[in-house]
Amino acid sequence: MPSRRKFLHSSAAGLAGLAAAPLAAAALPTAPAAGPPLVISTWDAGVAANQGAWQVLHGGGTALDAVEAGVRVTEAAQSCCVGLGGNPDRDGIVTLDACIMDHQFNCGGVAALERIKHPVSVARRVMERTPHVLLVGEGAQQFAVAQGFPLEPRQLSPDAEKAYREWLKTSQYRPVVNIENTGSHPVGPTGGANNHDTIAMLALDGQGRLSGSCTTSGMGFKMRGRVGDSPLIGSGLFVDNAVGAAAATGQGEDVVRMAGAHTVVELMRQGRSPQAACREAVERIAAIKGPKARDIQVAFIAVSARGQVGAFALQAGFSYALCTAADQRQLIAADHLLK
Ligand code: SD4
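All of the points below concern the structure found in this document.

What counts, and where the lines are drawn
Residues numbered from 1 in each chain as written. Predicted model: local features only at pLDDT ≥ 70, side-chain atom pairs only at ≥ 80, totals over all residues. Heavy atoms only, no water. Pairing = 2+ DSSP bridges. Helix = DSSP H or I, 4+ residues; strand = E, 2+ residues; numbered from the N terminus. Axes fitted to C-alpha atoms, helices over the stretch in contact; angles between N-to-C directions. Contact = heavy atoms within 4.5 Å. Patch = residues over 30% accessible without salt bridge, like charges linked within 9 Å, V, L, I, M, F, W, Y side chains within 5 Å. Areas by Shrake-Rupley, 256 points an atom, 1.4 Å probe, with all protein chains shown as cover. Salt bridge = Lys/Arg side-chain N within 4 Å of Asp/Glu carboxyl O. Buried < 20%, exposed > 50% of the residue type's maximum accessible area, 1.4 Å probe, protein only. Arc of directions from axis to C-beta.

## Quick look at the sheet that holds strand S8 (residues 244-250)
Either a parallel or an antiparallel arrangement is found when strands of a sheet pair, and the pairing is made through backbone hydrogen bonds.
Argument step 1. Strand order in this open sheet of four strands is S7-S8-S9-S10, and the pairing throughout is antiparallel. Each end of this open sheet is capped by a strand with a single partner; those strands are strand S7 (237-240) and strand S10 (309-313). Across the sheet, the mean angle separating the axes of adjacent strands is 10° when strand polarity is ignored.
Argument step 2. Here strand S9 (residues 298-304) pairs with S10 via five bridges, running antiparallel. Within S10, the residue paired with Ala-302 across the bridge is Gly-310.
Argument step 3. Contacts between helix H8 (residues 260-269) and the sheet are confined to S7, S8 and S9, with S8 contributing the most and set at about 145° to the helix.

Take a look at the structure:
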């Protein structure tokens, strides 16, 4: 294990220099023996996203490049789920959250970012070109533009426009679980059918490096300024190369309140398998929520440093995509707690 003092020292040195130099490898855990590369990601959209990541891994690329390239596929699709095609907030504005983390505790995120097509790539720039880990709102957009990301028009996709107009009829907020699996915007009378969408991805490359990414338009019709778990390191995503990586999807508030992804990784550190760790984290959320657990969906995916994978959801309906050399298009229904 690395010396904590050494780790803090190298972090402080990076901050003092105002340049986000990647942390020194010497201060970090050495990677365990590398297994075969793999990618795991949330929901059905993960199958296509994994293909994007696999191209990178298959060509010998890094897990970090893979998780960025992978979720960019989903962001570019601008379907219902992720990126600028997602549902807007209550004021009719699409705001995006994303983060990324590598095998050396380098990480970056953006929250409430508007008019930028690829928030995950802005998150990576935050990681690599600033001394910070999270930029939000106007500042995040300013940074993105300064980094050369084009400012896209402020307009809703036709589906999101339709869903928003429908939602405005009642303006009631009632999230419905598993909306990510519908593949389109079903327009419900309360807007409840368009609650939240996300892709989270974890990859292990041929050199034993783990990385993760997460990107979302967040909960549809959320309060303006609301930020969920997805851009928050430790909540929506966490990677510790000595142990494993985890990511979350579902009701962000309930992931944040128990530091979801970090909790899963810490449970793996204590010896749980990825599957058991995801399950225990979900059980904690269920215990916190009590009877209200039935109103939400939360799910975790995880990979150990040796390439064992796992996933677990609160409710039925969550699926995850797994891509390995043997089978690149697996879509697996996760086990769940509430029967
Ligand atoms: C959020 N966790 O903004 C995200 C939404 C999500 O699948 O994951 N949906 O709360």
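On we go from here.
## Focus on a nonpolar patch on the surface
Argument step 1. Together, Val-133, Leu-134 and Val-136 line one region of the surface with nonpolar side chains, adding up to about 230 Å² of accessible area.
Argument step 2. Relative to the assigned elements, Leu-134 resides in strand S4 (residues 134-136).
Argument step 3. For Leu-134, a relative accessible area of 34% corresponds to the partly exposed category.

## Description of helix H5 (residues 137-146)
Argument step 1. Of the residues making up H5, those classed as buried are Gly-137, Ala-140, Gln-141, Phe-143 and Ala-144. Along the long axis of H5, the arc covered by the buried residues comes to 160°, so they all point the same way. Exposed residues lying more than 90 degrees from the buried face of H5 are Glu-138, Gln-142 and Ala-146.
Argument step 2. Buried residues in H5 make contact with strand S3 (107-113), helix H4 (119-129) and S4.
Argument step 3. Two residues or fewer after H5 comes Gly-148, characterised by a positive phi angle close to 95°.

## Describing the pairing of strand S2 (residues 96-101)
Argument step 1. Most of S2 is tucked away, with six of its six residues classed as buried.
Argument step 2. With burial as the criterion, each face of S2 is covered, one bearing Leu-96, Ala-98 and Ile-100 and the other bearing Asp-97, Cys-99 and Met-101.
Argument step 3. The sheet contact formed by S2 and S3 spans five bridges and is antiparallel. Directly across from Ala-98, in S3, lies its bridge partner Val-110.
Argument step 4. Hairpin connection between S2 and S3: a loop of five residues separates the two successive antiparallel strands, and Phe-105 in this loop has a positive phi of roughly 70°.
Argument step 5. Alignment of S2 against strand S6 (residues 210-219), held across five bridges, turns out to be antiparallel.

## Some remarks on the pattern of salt bridges
Argument step 1. Under the criterion given, the structure shown has 17 salt bridges.
Argument step 2. Glu-68 is the salt-bridge partner of Arg-124, the closest N and O atoms lying 2.8 Å from each other. Of this pair, Arg-124 sits in helix H4 while Glu-68 is found in helix H3 (residues 63-77), placing the two residues 56 residues apart along the sequence.
Argument step 3. Across the salt bridge formed by Glu-280 and Arg-272, the nearest N and O atoms sit 2.7 Å from each other.
Argument step 4. Taking relative accessible area as the criterion, Glu-280 reaches 22% and is therefore assigned partly exposed.
Argument step 5. Beyond isolated ion pairs, a larger network of salt bridges with shared partners links Asp-65, Glu-68, Arg-124 and Glu-128.

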